[in-house]
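# Chains, contacts and geometry: an overview
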Amino acid sequence: MESVQVLPYADLCISQLLKACLDENMDEGVAEALVSTWESLNLVIPHELWSIISDPLSLFKCDKRVFRSERLLPVWLHAQINTRNVVALINGQDSAMIQLLLEFCIPTDQDSPDNTLTFIKPDTMKMVQRVICQFAHGLFIDGDRDMLLAKIIHFQTYAIELLPIVVEFIPSLYAVFNFIPELLRQPQPDKQVFGILLACYLCEKYPLENYLKTVEHHVLPRLLKIAFPSTPPSSTCVPSEYLVQAIPGFVHLAKAYPHFAPKILEAFDEIARGLPAPQEFMGQEGNSKIILVLRLHQVLNNSRELVQHQVDRNVKQMDN
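Description of the structure in this document. Quick caveat: nothing in here was measured; it's all calculated off a predicted structure. (Residues numbered from 1 in each chain as written. Predicted model: local features only at pLDDT ≥ 70, side-chain atom pairs only at ≥ 80, totals over all residues. Heavy atoms only, no water.)

Moving on, we come to the overall build of the protein chain. The secondary structure content of the protein chain amounts to 17 helices and zero strands. Within the protein chain, the proportion of its 320 residues that are buried is 48%. Intrachain contacts of the protein chain at a sequence separation of at least 6 include 72% that bridge at least 24 residues. Total accessible area on the protein chain is roughly 17100 Å²; 54% of this is exposed by carbon and sulfur atoms. (Helix = DSSP H or I, 4+ residues; strand = E, 2+ residues; numbered from the N terminus. Buried < 20%, exposed > 50% of the residue type's maximum accessible area, 1.4 Å probe, protein only. Contact = heavy atoms within 4.5 Å. Areas by Shrake-Rupley, 256 points an atom, 1.4 Å probe, with all protein chains shown as cover.)

Below is the structure:
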């Protein structure tokens, strides 16, 4: 069949039938046939197909169910970026779109069991995370061999809740570790915390000895710099939400490098010594600054206990 003859079917497929696939009650065989038809059209008339979807985002922007659909999410991803668009991504023109895709990996209130109309199963959420991350992985290894797109995305940062997800599902992300020292040198504290946590999760998954050198010379010193930012140096810790966010990441480092855990404990103890003792705030717990200090003490205590567990476990293994 010639392209001209196929076009009306392609138009119908896009304008009417794809959206119908969002209905969970749609017959599974019909839905699979429709998606298969889309894939066939993409092989037969790719250029005409992209001209029909002159603004691909407009097709699904009003219906977020597509980002929870095992049928249509792969179709949507294919419609957004193909190999011809990678250069534009590397130039930073569309990296924000990748950021938005990653945000869909975070469960929302609408995904909760409390929402009977929009609740999705945990397996579906895992599917969404896996498909989106595999898509990003494909971009990184196929059209971004210098990892420039990956660098742009990570220097822009994204929600720290996404870090364990992307580290788990994007195998090529290990290459980002090469940018960690530069990321930690950024002047914005939120980017420094992001870099610390990214390094911690990567080390937990890939506990390589050369990564440990970066941890020792860049990651742990950056935590202390966030805690003690004064110039000239001071022994007084400056409490901040950045510390509250960054400290738990070192539990993952202790799991990766138990023999390095004592140095993590030393850093925790140094931070704790620089804070006012919790007893000094008896009866003043309503003050926001005091609440922050008390939270920081709690995070330090909890994290210290978990890191100490790795130390003790390592000692027992060595004794055996």
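One can find asparagine 314 in helix H17 (residues 288-319). Residue asparagine 314 is classed as buried on the basis of its relative accessible area, which comes to 17%. Not counting residues within four places of it along the chain, the set of residues in contact with asparagine 314 comprises Pro258 and His259.

At their nearest, the axes of helix H12 (residues 189-205) and helix H13 (residues 209-227) sit 10 Å apart, and the two run at 145° to each other. The two elements H12 and H13 cross, and the hand of that crossing is left-handed. Taking contact as the criterion, the partners of Gln192, Val193, Ile196, Ala199 and Cys203 in H12 are, on H13, Tyr211, Val215, Val219, Arg222, Leu223 and Ile226. The class makeup of the residues in the contact of H12 with H13 is nine nonpolar, one polar and one charged. (Axes fitted to C-alpha atoms, helices over the stretch in contact; angles between N-to-C directions. Left-handed = near helix turned anticlockwise from the far one by under 90°. Nonpolar A, V, L, I, M, F, W, Y, C, P; charged D, E, K, R; others polar.)

Right, let's get into the packing of aromatic side chains. Tallied over the full model, the rule gives four aromatic pairs. Ring centres of phenylalanine 250 and phenylalanine 268 lie 6.5 Å apart, and the angle between their planes is 85°; on these two criteria the pair is classed as edge-to-face. Here phenylalanine 268 lies in helix H16 (residues 261-273) and phenylalanine 250 lies in helix H15 (residues 249-256), a separation of 18 residues in the sequence. For the pair formed by phenylalanine 250 and phenylalanine 268, the shared burial category is buried. Taking NZ or CZ as reference, lysine 151 lies 5.5 Å from the ring centre of phenylalanine 155, over its face. (Phe/Tyr/Trp six-rings, centres within 6.5 Å; stacked < 30°, edge-to-face > 60°. Lys NZ or Arg CZ within 6 Å of the ring centre and 35° of its normal.)

For the rest of this paragraph, the subject is the pattern of salt bridges. Summed over all chains, the structure comprises five salt bridges. The salt bridge partner of glutamate 182 is lysine 151, with a shortest N-O separation of 3.0 Å. Of this pair, glutamate 182 sits in helix H11 (residues 180-184) while lysine 151 sits in helix H9 (residues 148-156), and the two are 31 residues apart along the sequence. Note on glutamate 182: relative accessible area 32%, which makes it partly exposed. (Salt bridge = Lys/Arg side-chain N within 4 Å of Asp/Glu carboxyl O.)

One pass over the structure, following the stated rule, counts one cavity of 30 Å³ or more. In this structure, the largest cavity spans a volume of roughly 40 Å³. If you go around the largest cavity, the residues you meet are Ile98, Leu102, Ala136, Phe140, Ile153, His154, Tyr158, Val166, Ile170 and Leu173. Listing elements by their share of the lining of the largest cavity, those giving two or more residues are helix H7 (95-103), helix H8 (122-142) and H9. Each residue belonging to the lining of the largest cavity can be placed in one class, and the counts come to nine nonpolar, one polar and no charged. (1 Å grid on protein atoms, 1.4 Å probe; cavity = no way out; pocket = protein on both sides within 12 Å on 5 of 7 lines; lining within 4 Å. Points joined across faces, edges and corners; volume = space filled by probe spheres on them.)

Turning to H9, its buried residues number three or more, namely Leu149, Ala150, Ile153, His154 and Phe155. One or two positions beyond H9, positive phi appears at threonine 157, with a value near 70°.

Moving on, we come to unusual backbone geometry. The peptide bond linking threonine 231 to proline 232 adopts the cis configuration, its omega dihedral lying at 0°. A positive phi is found at threonine 157, a non-glycine position, where the angle reads about 70°. Looking at the secondary structure, you find threonine 157 in the loop between H9 and helix H10 (163-169).

This paragraph deals with H16. Here H16 spans 18 Å end to end across 13 residues, near enough to the 18 Å set by a 1.5 Å rise per residue. Contact partners of the buried residues in H16: H13, H15 and H17. (Expected span 1.5 Å × (residues − 1).)

Each disulfide consists of a covalent bond between the sulfur atoms of two cysteine residues. Applying the stated criterion across every chain yields a total of zero disulfides. Cysteine 203 carries a free sulfur, and the closest cysteine sulfur to it, the one in cysteine 200, is 6.9 Å from it. Exposure remark for cysteine 203: the relative accessible area of 0% places this residue in the buried category. (Disulfide = S-S within 2.5 Å.)

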